[in-house]
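If you want the building blocks of each chain, they are given just below.
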Amino acid sequence: KTKDIFNWKHRAFFNISMGFEVDEENDCYFYSEANEFQDAVKEIVSYLKEEEVEFTTDLQVAEFITNIQNQESEFGEAKENLNKTIFVSKSIALQRELKPYQEKGLTHFLQVKHGANFSVPGSGKTTMVYAYFDKLKQEGIVDKIFVVGPFSSFSPWEEESEKCFGRKLNSARLVGAKRQSYYLQSDQYELFLCHYQTAANDITSIINLCERYKILMVIDESHYIKRFDGGVWSNALLTIAPHATRRVILSGTPMPNDLKDLWSQMTFLWPGKQLLGERNAYKTRCDNVAEQEEIKKEIRPFFYRVKKSDLQLPKPKFFKTEYSLKPIQAQIYHA
């Protein structure tokens, strides 16, 4: 709409609330933060509908609106599925037999579609994700898996794929200048491995990849993107998130500091902000002690956690071996 049509209230919304700038020559508003534009579209559409202002969009904005509506529909379906019993038949391709608590983890992924797994180390989070990937691939929902994590996670994802499927998935480690060739030859690979900083550098390439294929995107050690405000890694992955077909986050320690650590992680799963709402509104809630228990109740159904006690590990046995101190060691020790 042109400025002439808008009254002072609408102009205040666009200029002050939304941060739009005015193009006097073309008599219109424009938004310079491209990566945040989809979030802005949601707020604008909501505002214009409330104010009963008629509007039209171009194709790109129409796609944004459709994407937002699809996310809202998926979120509603996920909430309904939490009250349903989902029976998981044995995967055809998966060779590794799932433990009972891993089957529950798989069931949770299938219920919520975009799931968080906050299980303890050693519980088989990678195996649960591969079982989910296998199911989705069989149903034609996804065809590739893209993992963002620390460099140390690359080998485990490759090795675990062989244990799960009987063969190593064709993997592409997106590191260094060579990674551009992997994007160009992406049809040859099933598993993409990427560091958080690489994801921040390659936003456009990764979005293009998500638009060419149906991708299950996984954030391993998701507490690395916990930065509530101004985080380069978290902002990049929140920009990429809406373009992935399915999304998963994994962490044994999702909340190192406080509830605010969960906003970026859970918003990656639900980029339409259906779960925790807008950033500033959520911060206000976190600062209110009375709201904190309510926030935990809202989040709880959307993550699965295997506790250490669920692993039924035997009690550790300690064996002590004594060694005599060498002369210099003894001198230091006694000093």
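Scoring rules and cut-offs
Residues numbered from 1 in each chain as written. Predicted model: local features only at pLDDT ≥ 70, side-chain atom pairs only at ≥ 80, totals over all residues. Heavy atoms only, no water. Helix = DSSP H or I, 4+ residues; strand = E, 2+ residues; numbered from the N terminus. Buried < 20%, exposed > 50% of the residue type's maximum accessible area, 1.4 Å probe, protein only. Contact = heavy atoms within 4.5 Å. Areas by Shrake-Rupley, 256 points an atom, 1.4 Å probe, with all protein chains shown as cover. Lys, Arg positive; Asp, Glu negative; His and termini not counted. Charge placed at Lys NZ, Arg CZ, Asp CG, Glu CD. Phe/Tyr/Trp six-rings, centres within 6.5 Å; stacked < 30°, edge-to-face > 60°. Lys NZ or Arg CZ within 6 Å of the ring centre and 35° of its normal. Pairing = 2+ DSSP bridges. Right-handed = clockwise from strand over helix to strand, strands pointing away. Core = buried A, V, L, I, M, F, W, Y, C linked by side-chain atoms within 4.5 Å. Salt bridge = Lys/Arg side-chain N within 4 Å of Asp/Glu carboxyl O. Polar contact = N/O pair within 3.5 Å; in protein donor to acceptor, adjacent residues only side chain to side chain. Arc of directions from axis to C-beta.

J.: Help me out: how do you make sense of the overall build of the chain in this one?
T.: A tally of regular secondary structure across the chain gives 14 helices and 9 strands. Here the chain holds 335 residues, and 47% of them are scored as buried. Looking at the chain alone, contacts between residues at least 24 apart form 68% of all its contacts between residues at least 6 apart. For the chain, the computed accessible surface area is about 18800 Å², with 50% contributed by carbon and sulfur atoms. Both charge centroids of the chain, one from 44 positive and one from 46 negative side chains, sit 11 Å from each other.

J.: Is there a simple way to explain the environment of lysine 125 in this structure?
T.: Note on placement: lysine 125 falls in helix α5 (residues 125-138). Assessed through its relative accessible area of 16%, lysine 125 is described here as buried. Sequence spacing of lysine 125 and arginine 305 is 180 residues, and the spatial spacing of their C-alpha atoms is 9.6 Å. Those residues in contact with lysine 125 that lie beyond four places of it in its chain are Asn117, Ser119, Val120, Leu250, Ser251 and Gly252.

J.: Got a minute to help me understand the packing of aromatic side chains in this structure?
T.: Centre-to-centre distance and the angle between the planes together describe a pair of aromatic rings. For the structure shown, the criterion picks out 14 aromatic pairs. Look at tyrosine 182 and tyrosine 189: their rings are 5.3 Å apart centre to centre, the planes differ by 90°, and that puts the pair in the edge-to-face class. Look at tyrosine 182 and you get buried, because its relative accessible area is 15%. Through pairs of rings, three or more aromatic residues link up here, namely Phe146, Tyr182, Tyr189 and Phe192. The lysine or arginine in question, lysine 144, covers the ring of tyrosine 213, its NZ or CZ lying 4.7 Å from the ring centre. Lying across the ring of phenylalanine 228, arginine 279 places its NZ or CZ 6.0 Å from the centre.

J.: Help me understand the pairing of strand β7 (residues 215-220), please; the structure alone is not making it clear to me.
T.: Along any regular strand, the residues point their side chains to alternate faces of the sheet. With 6 of 6 residues buried, β7 is to be regarded as a mostly interior element. Of the two faces of β7, the one carrying Ile215, Met217 and Ile219 and the one carrying Leu216, Val218 and Asp220 are both buried. Pairing analysis gives 5 bridges linking strand β4 (residues 144-148) to β7, with the strands arranged parallel. Within β7, the position partnered with lysine 144 by the bridge is isoleucine 215. In this sheet, strand β8 (residues 246-250) lies alongside β7 in parallel orientation, the contact comprising 5 bridges. In the sheet register, aspartate 220 faces β8, and the bridge partner there is leucine 250. Once you follow β7 into helix α10 (residues 232-240) and on to β8, the crossover reads as right-handed.

J.: What exactly am I supposed to notice about the nonpolar core here?
T.: In globular proteins that are soluble, nonpolar side chains generally tend to be buried together. In terms of nonpolar packing, the biggest core is built from 50 residues, with Phe146, Ile206, Met217, Met266, Phe268 and Tyr282 touching the most fellow members. When neighbours within four sequence positions are excluded, phenylalanine 146 is seen to be in contact with Leu174, Phe192, Cys194, Ile206, Leu209, Ile215, Leu216, Met217 and Val218. Counting residues in each nonpolar core, the second largest holds 30 residues, with Leu94, Tyr101, Leu136 and Leu250 among its members.

J.: Would you mind going over the pattern of salt bridges with me for this structure?
T.: Going through the model one piece at a time under the given rule, you end up with 15 salt bridges. Across the salt bridge formed by glutamate 77 and lysine 113, the nearest N and O atoms sit 3.1 Å from each other. Placement of glutamate 77 in helix α3 (residues 59-81) and of lysine 113 in the loop between α4 (100-112) and β3 (115-117) is noted, with a sequence separation of 36 residues between them. For the salt bridge of arginine 96 with glutamate 160, the shortest nitrogen-to-oxygen distance reads 2.6 Å. Remark: glutamate 160 occurs in helix α6 (residues 154-165) and arginine 96 occurs in the loop between α3 and α4; sequence separation between them is 64 residues. Linked through salt bridges whose partners overlap, the residues forming this network are Asp258, Lys260, Lys283 and Asp287.

J.: Can you walk me through the side chain of glutamine 265 in this structure?
T.: Considering the arrangement of structural elements, one finds glutamine 265 in helix α11 (residues 262-269). Taking the relative accessible area as the measure of exposure, glutamine 265 reaches 0% and is therefore buried. Of the polar contacts made by the side chain of glutamine 265, one reaches the side chain of serine 222; its length is 2.7 Å. Among the polar contacts made by the side chain of glutamine 265, one reaches the main-chain carbonyl oxygen of aspartate 261 at a distance of 2.8 Å. Beyond its immediate chain neighbours, meaning those up to four positions away, glutamine 265 contacts Phe118, Ser222, His223, Ile225, Lys226, Ile249 and Pro254.

J.: Which parts of the structure should I look at to understand helix α12 (residues 279-287)?
T.: Because the α-helix completes a turn every 3.6 residues, residues three or four places apart line up on one side. Within the sequence span of α12, burial applies to Arg279, Tyr282, Arg285 and Cys286. Buried residues along α12 cover an arc of 120° about the axis, so they all sit on one side. The outward face of α12, more than 90 degrees from its buried face, is lined by the exposed residues Asn280 and Thr284. Packed against the buried residues of α12 are α10, α11 and α13 (289-299).

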